Amino acid sequence: MPLLRLEGVSRDFDVSPPWLNRVLEHEPRRILRAVDQVSLDIDKGETVGLVGESGCGKSTVARLIVGLYVPTEGRIEYRGRRLQMIFQDPYASLNPRWRVHDIVAEPIRFLGTPQKVEELLRQVGLSPDDGEKYPHEFSGGQRQRISIARALAGEPDFLVCDEPTSALDVSVQAQILNLMSDLQRRLGLTYLFISHNLAVVSQVADRVGVMYLGRIVELAPAAELFTRPRHPYTRMLLDAVPDLAMSGRPRTPVRGEVPNPLAPPSGCTFHPRCPHANDRCRREVPAFIDGVACHAVLEGRI
Amino acid sequence: MTLEVRDLRIEFPTRRGTLTALDGVSFAIAPGEVLGVVGESGAGKSITGLAIIGLLEPPGRIAAGEVRLEGRRIDNLPPEEMRKLRGRRIGVIFQDPLTSLNPLYTIGRQLEETILAHLPMSKRDARARSLALLGEVGIPAPAARYGHYPHQFSGGMRQRVVIALALAAEPRLLIADEPTTALDVSIQAQIIALLKRLAAERGAAVMLITHDMGVIAETAHRVAVMYAGRIVEVGSVRDVIHAPKHPYTVGLMGSIPRIAAKRSRLVQIDGAMPRLNAIPPGCAFHPRCVRRFERCFDERPDLMPAGASLAACWLHAAA
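Conventions we followed
Residues numbered from 1 in each chain as written. Chains lettered and ligands numbered in written order. Predicted model: local features only at pLDDT ≥ 70, side-chain atom pairs only at ≥ 80, totals over all residues. Helix = DSSP H or I, 4+ residues; strand = E, 2+ residues; numbered from the N terminus. Rg over C-alpha atoms; globule rule 2.2 N^0.38 Å. Buried ≥ 20, exposed ≤ 12 C-beta atoms within 10 Å, placed from the backbone. Contact = placed C-beta atoms within 7 Å. Pairing = 2+ DSSP bridges. Axes fitted to C-alpha atoms, helices over the stretch in contact; angles between N-to-C directions. pLDDT = per-residue confidence, 0-100. Parallel < 35°, antiparallel > 145°, perpendicular 65-115°, else oblique. Left-handed = near helix turned anticlockwise from the far one by under 90°. Core = buried A, V, L, I, M, F, W, Y, C linked by C-beta atoms within 7 Å. Expected span 1.5 Å × (residues − 1). Nonpolar A, V, L, I, M, F, W, Y, C, P; charged D, E, K, R; others polar. Arc of directions from axis to C-beta.

Undergrad: Just checking my understanding: could you explain the overall build of chain A for this structure?
TA: Check the secondary structure of chain A and you find 11 helices and nine strands. Computed over C-alpha atoms, the radius of gyration of chain A comes to 21 Å, within 12% of the 19 Å expected from 2.2 N^0.38 for 302 residues, which places it in the range of a compact globule. With the principal axes as the frame, chain A shows a C-alpha extent of 65 × 60 × 40 Å. Of all 302 residues assigned to chain A, the portion counted as buried reaches 45%. Partitioning the contacts of chain A with sequence separation of at least 6, the portion at a separation of at least 24 is 67%.

Undergrad: Please clarify how the overall build of chain B should be interpreted in this entry.
TA: For chain B, the helix and strand inventory stands at 12 helices and 12 strands. Projected onto the principal axes, the alpha-carbon positions of chain B cover approximately 70 × 55 × 35 Å. Each of the 319 residues in chain B was classed as buried or not, and the buried ones make up 47%. Summarising the internal contacts of chain B: among those between residues at least 6 apart in sequence, 63% fall at separations of at least 24.

Undergrad: I would appreciate a short explanation of the sheet that holds strand E11 (residues 304–306) of chain B in the present structure.
TA: Remark on secondary structure: sheet strands pair via backbone hydrogen bonds, oriented parallel or antiparallel. Residues and elements named next belong to chain B. If you walk across this open sheet you meet the eight strands as E6-E7-E8-E3-E9-E10-E12-E11, and the pairing is mixed. Across the chains shown, the open sheet's two edge strands, defined by having one partner strand only, are strand E6 (90–93) and E11. Geometrically, the sheet is characterised by an average inter-axis angle of 20° between neighbouring strands, direction not taken into account.

Undergrad: What is the right way to read the environment of isoleucine 103 of chain A from this model?
TA: Secondary-structure assignment places isoleucine 103 of chain A in helix H3 (residues 100–105). A C-alpha to C-alpha distance of 9.3 Å links isoleucine 103 of chain A and proline 135 of chain A, two positions 32 residues apart in sequence.

Undergrad: Hey, could you run me through the confidence of the model for chain B in this one?
TA: Note that predicted coordinates carrying low pLDDT should not be read in detail. Looking at chain B as a whole, its pLDDT mean stands at 92, while 99% of the residues score no less than 70. Here the predicted complex scores 0.89 on pTM and 0.85 on ipTM.

Undergrad: Explain the packing of helix H4 (residues 107–118) of chain B against helix H7 (residues 155–167) of chain B here, please?
TA: If you want to describe how two helices pack, look at the angle between their axes and the distance between the axes. Residue and element names in this part refer to chain B. Interaxial distance between H4 and H7 falls to 9 Å at its minimum, and their mutual angle equals 15°. Judged by the inter-axis angle, H4 sits roughly parallel to H7. At the point where H4 passes H7, the crossing takes the right-handed sense. Across the interface between the two elements, Ile107, Gln110, Leu111 and Thr114 of H4 pack against Val161, Ala164 and Leu165 of H7.

Undergrad: What am I meant to see in the interface of chain B and chain A here?
TA: As a measure of interface size, the accessible area lost when the parts come together is often cited. Each partner contributes to the interface: chain B provides 36 residues, whereas chain A provides 32 residues. Elements that contribute at least two residues to the side of chain B that touches chain A include exactly helix H8 (185–202), helix H9 (213–219), helix H10 (237–242) and helix H11 (247–255) of chain B. Examining the composition of the side of chain B that touches chain A, we find that seven residues originate from one element, H8 of chain B, more than from any other.

Undergrad: Please clarify how the pairing of strand E9 (residues 215–221) of chain A should be interpreted in this entry.
TA: Along a regular strand, successive side chains alternate from one face of the sheet to the other. Residues and elements named next belong to chain A. With respect to burial, E9 is a largely interior element, six of its seven residues being buried. Bridge count between strand E8 (residues 207–212) and E9: six bridges; the pairing is antiparallel. Each bridged residue has a counterpart across the sheet, and for arginine 207 the counterpart in E9 is proline 221. Following E8, the chain reverses through two residues before pairing antiparallel with E9; leucine 213 in that reversal takes a positive phi of roughly 45°.

Undergrad: Even after reading the chapter, I still don't get the nonpolar core, so can you show me in this structure?
TA: Formed by 178 residues in total, the largest nonpolar core has its most connected members in Val104 and Leu192 of chain A together with Ala164, Leu208, Val225 and Tyr227 of chain B. At eight residues, the largest contribution of residues to this core is made by H7 of chain B.

Undergrad: Before we go on, may I ask you to explain unusual backbone geometry in this structure?
TA: Glycine aside, residues mostly have negative phi angles, and peptide bonds mostly take the trans form. Following proline 58 of chain B, the chain continues to proline 59 of chain B via a peptide bond in cis, the omega torsion being 10°. When you line up the elements, proline 59 of chain B lands in the loop between helix H1 (45–52) and strand E4 (61–69). Its identity is not glycine, yet histidine 26 of chain A carries a phi of approximately 55°, on the positive side. Along the polypeptide, histidine 26 of chain A turns up in the loop between helix H1 (19–25) and strand E2 (31–42). Given 7 C-beta atoms within 10 Å, histidine 26 of chain A falls into the exposed group. The backbone of alanine 141 of chain B sits at a positive phi, close to 50°, despite the residue not being glycine. Following the sequence through the fold, alanine 141 of chain B ends up in the loop between helix H5 (123–136) and helix H6 (142–145). Note on alanine 141 of chain B: 9 C-beta atoms within 10 Å, which makes it exposed.

Undergrad: What is the right way to read H7 of chain B from this model?
TA: Since the α-helix packs 3.6 residues into each turn, any two residues three or four apart lie on the same face. Residues and elements named next belong to chain B. With 13 residues, H7 extends 19 Å between its outermost C-alpha atoms, agreeing within 8% with the 18 Å of an ideal straight helix rising 1.5 Å per residue. Within H7, 12 of the 13 residues are buried, leaving the element largely enclosed by the surrounding structure. Taken residue by residue, H7 has Gly156, Met157, Arg158, Gln159, Arg160, Val161, Val162, Ile163, Ala164, Leu165, Ala166 and Leu167 as its buried positions.

Undergrad: Mind showing me how you'd approach the environment of glutamate 155 of chain A here?
TA: Here glutamate 155 of chain A shows up in the loop between helix H5 (140–153) and strand E6 (158–162). In this structure, the C-alpha to C-alpha distance between glutamate 155 of chain A and leucine 187 of chain A, residues 32 residues apart in sequence, is 9.0 Å.

Undergrad: What is the right way to look at the packing of H5 of chain A against helix H6 (residues 170–187) of chain A in this model?
TA: Residue and element names in this part refer to chain A. Close contact between H5 and H6 brings their axes to 9 Å; oriented N to C, the two are set at 20°. With respect to their mutual orientation, H5 and H6 come out roughly parallel. Along this stretch, H5 crosses H6, giving a crossing that reads as right-handed. When H5 is examined against H6, the residues Gly140, Gly141 and Gln144 are found in contact with a partner set consisting of Val172, Gln175 and Ile176. When the residues that make up the contact of H5 with H6 are grouped by side-chain class, the tally is two nonpolar, four polar and no charged.

Undergrad: Just to check I follow, could you spell out the sheet that holds strand E1 (residues 3–14) of chain B for this structure?
TA: All names here are of chain B. Spatially, four strands are ordered E2-E1-E4-E5 in an open sheet, and the strand pairing comes out antiparallel. The sheet is open, and its two borders are formed by strand E2 (17–29) and strand E5 (72–73), each paired with just one other strand. Pairing between E1 and E4: seven bridges, direction antiparallel. Across the sheet, glutamate 11 pairs through a bridge with arginine 61, a residue of E4.

Undergrad: Can you walk me through the confidence of the model for chain A in this structure?
TA: Looking at chain A, pLDDT values average 91 and 100% of them are 70 or higher. Looking at the elements of chain A, mean pLDDT is at its lowest for H1 of chain A, recorded as 88, and at its highest for E9 of chain A, recorded as 97.

Undergrad: I tried to follow helix H4 (residues 114–123) of chain A on my own but got confused; where do I start?
TA: Residue and element names in this part refer to chain A. Those residues of H4 lying buried are Val117, Leu120 and Leu121. Angularly, the buried residues of H4 cover 100° about the axis, an arc narrow enough to put them on a single face. Glycine 125 occupies a position one or two residues after H4 and carries a positive phi of about 85°.

Structure (structure tokens):
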């Protein structure tokens, strides 16, 4: 059995105007489906990456898993001991009035000892003396280390990381990514790693899911996804990544934008931007079969 | 040269002494050229841009050096003249398009006003020009969107409007400070392509400030790498990316994750960039440098030839 299993999980948000406006202006109720029928298994010790553009629902998946949201449909099964979450903004997620050792010890305040806190700080590359300081005395990268130390305090076996390095400079990002992979090896952690940055995900993930408008459209081992992408959206995303090697590889220019999630297109929601769309794509939602949700792929057209 | 910056030094006098945010920065940008300025937060790249357009926040001030636009000195102009220059000769694009757009005016009105403020034109011509510009930056159905307000546009479309505004008066210099950082990767690619095309077509010089080496690789001709208020390396994009000469650039290039089938450990530069009040003597990078030697501790290197590029590093000093 996998450590974590999501089965047909969906989450709706009610974004209707207030009741009075609905009555007076004859506005209907509006429901935004942020996550739509997502199924995903994560095994112990692996890192699963989730990529997609803003509004694709990847952060909502993270929040569903840690229980910050309740699924509207579907079920989430977790067989581990503890889950923890690491957030993007290390400035917003640490209490500025608390000393670092209090922040790190909060999850274990009835069990923790000063030695335990020192050990946690050392584990993330900080010195035990740093415990006496306040968050504002640290740079962004060091603050993210504090967040990681706090997340590790309760000895979780699963970490949900929502854009953990997106607010950091690239050299600091490298330090944090290396630290996370060291910790994974040493403590046998399992990660769900969410990021809009495909290169970062390719660096850490064993398997990668690509989300578009609330659905997983492709899920594959990282090595396969980045070398032989199947879904047209995955191909488009990969073509959009700046070519740092300046290889001059041929790329298709990106078309269009993510549509309004309140009024998603019919059929396959990617069809207005897809170069391979036909009538069936406009009509019929593609089922997720064998790692991909695309009529063109399943019909062998691409 | 469209833009020449020579020995620019920016200071912030504070109660606890003067902080030097920028020290001895020199570079030039030719017409039609895109110079990428790359560095991590606090390296001084945005401050350089702000100093050029005369928008340095007090108490920050230019303490030494000069800025020339098409040969004419502009760093000592009175604020009123500088204001006319911005928009007319220098276009500016910031990271967040909403800071550059007035939420209360339609985008058509904002474009028309900008054009009328800088160019001798009738209102009718200004409208025609606005529509043409919107089409050029890739806004679908410009006539239909002319009367729309900024909030009715998506982030990518807003940034296109800002680019149209920046180009409205045919500026000779375009300063783009993190123009794609707030955008999704698929939109980023479109905006990069647009900036590149427009700069080439109009022969404007572009100063592209970004932390993203990928954006530089796609867009710029030359790149200047900044660290702790100084340019530590400058050269053609190809040279700097494929054969970096300064140890900081080497570390920076190695720390960028790349899409690869095989996972490998990222190169990591230990430590962090020094704060302005604690810039070490000698080479500011020496405490983090893996290749430092005695000279680096107390003698500060200036840019010197290193292969086809210039690097501020004693490793490249002629013996």
